[in-house]
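Coordinates in review
Each chain is listed here by its residues.
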Amino acid sequence: MYIWTAIDINTQLKSILPKAKEIEQKLGFKNSAFTLPFHISLKISFFVDDNKHLAVINTLNDYYKTLLPFFVEIDGIEIENNIVWIKMKQNKILDKIHSDIDQLLLKKHGITQHAFDLDFKFHTTLFLDDDKNKILTAFNLIKNITLPLSVTANKFIIGSSKTGKIGTYSVTNSVDLLP
């Protein structure tokens, strides 16, 4: 089983969803970034044995319940390799949460960091494709859309997938933070 975890910012970015879906449909992306809510991933998805799945989810849930809501500033829309994403500004709280998750998962469940976790870039994916021209076109069509200056991190979500393939994840748990 593969596990993924993030901050749900779907309602805060809902105004850009129609335009993003229109671009996705027009360009015919193979994989949709919209099978999950808009989110800021907190760690690269990772594999766990099925019999450890619930214990790992409980560890994440328990950790999220210790947090308070906070703001994440948006840096803008950019291209990173084959992804168009909304990049978040560097944030000490996000960095700490990412580090805490990595340490907790290692200590409690023996889950090691993925190479991408070593230089994690907080973002919200808009488009993903191997076709660089399609990615550039999508970027040019959405780069000037109005975004909020920041979002509030007040809902943490956990999802899972049997295969770990794009489009197969679903949200299975959520933790709403109280102010």
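Residues numbered from 1 in each chain as written. Predicted model: local features only at pLDDT ≥ 70, side-chain atom pairs only at ≥ 80, totals over all residues. Heavy atoms only, no water.

**A short note on the pattern of salt bridges**
Scanning the model with the defined rule gives 8 salt bridges in all. Note that E73 and K89 form a salt bridge whose closest N and O atoms lie 4.0 Å from each other. Residue E73 is found in strand β3 (residues 70-80), and its partner K89 is found in the loop between β4 (83-88) and α3 (92-109); the two are separated by 16 residues along the sequence. By relative accessible area, E73 is classed as partly exposed at 45%. For the salt bridge of E80 with K121, the shortest nitrogen-to-oxygen distance reads 3.2 Å. With E80 in strand β3 and K121 in the loop between α3 and β5 (123-128), the pair connects residues that are 41 residues apart, well separated along the chain. (Salt bridge = Lys/Arg side-chain N within 4 Å of Asp/Glu carboxyl O. Helix = DSSP H or I, 4+ residues; strand = E, 2+ residues; numbered from the N terminus. Buried < 20%, exposed > 50% of the residue type's maximum accessible area, 1.4 Å probe, protein only.)

**Points about α3**
With 18 residues, α3 ought to run about 26 Å at 1.5 Å a step, and its terminal C-alpha atoms sit 25 Å apart, in line with that. Within α3 the residues assigned to the buried category are L94, I97, H98, D100, I101, D102, L105 and H109. Sitting at the head of α3, N91 places a side-chain oxygen 2.7 Å from the backbone nitrogen of I93. Just past α3, the residue G110 takes up positive phi, approximately 70°. (Expected span 1.5 Å × (residues − 1). Polar contact = N/O pair within 3.5 Å; in protein donor to acceptor, adjacent residues only side chain to side chain.)

**Thoughts on the packing of aromatic side chains**
Given two aromatic rings, their pairing is described by the distance between the two centres and the angle made by the two planes. Summed over all chains, the structure comprises 7 aromatic pairs. The interplanar angle of 65° and the centroid separation of 5.3 Å between the aromatic rings of Y2 and F47 together place this pair among those described as edge-to-face. Here Y2, found in strand β1 (residues 2-8), pairs with F47, found in strand β2 (residues 39-47); they are 45 residues apart in sequence, far enough to count as distant. Note on Y2: relative accessible area 28%, which makes it partly exposed. Chaining the aromatic ring pairs together yields one cluster made of F29, F34, F38 and F127. The ring of F29 has K134 lying over it, and the distance from NZ or CZ to the ring centre is 5.7 Å. (Phe/Tyr/Trp six-rings, centres within 6.5 Å; stacked < 30°, edge-to-face > 60°. Lys NZ or Arg CZ within 6 Å of the ring centre and 35° of its normal.)

**Some remarks on the sheet that holds β3**
What the 4 strands build is an open sheet, ordered β5-β4-β3-β6; its pairing is antiparallel. At either margin of the open sheet sits one strand with a lone partner, and together these are β5 and β6 (150-153). Ignoring which end each strand starts from, the neighbouring axes of this sheet average 30° apart. Pairing of β3 with β4 involves 6 bridges; the strand directions are antiparallel. What sits directly across from I77, in β4, is I86. Across the sheet, helix α4 (residues 132-142) is in contact with β3, β4 and β5; its angle to β3 comes to roughly 130°. (Pairing = 2+ DSSP bridges. Axes fitted to C-alpha atoms, helices over the stretch in contact; angles between N-to-C directions. Contact = heavy atoms within 4.5 Å.)

**Side note on the side chain of K43**
For K43, the position within the fold is in strand β2. Here K43 falls in the buried class, since its relative accessible area comes to 3%. Only 2.8 Å separates the side chain of K43 from the side chain of D102, close enough to count as a polar contact.

**Digging into the sheet that holds strand β8 (residues 170-176)**
Strands sit in the order β2-β1-β7-β8 across an open sheet of 4 strands; the sheet is antiparallel. The open sheet terminates on both sides in strands that have one partner only, identified here as β2 and β8. Shown here is a sheet whose adjacent strand axes are inclined to one another by a mean of 20°, direction ignored. Two elements, β1 and β2, share 6 bridges in a ladder whose sense is antiparallel. By the bridge assignment for β2, I7 is matched with I40.

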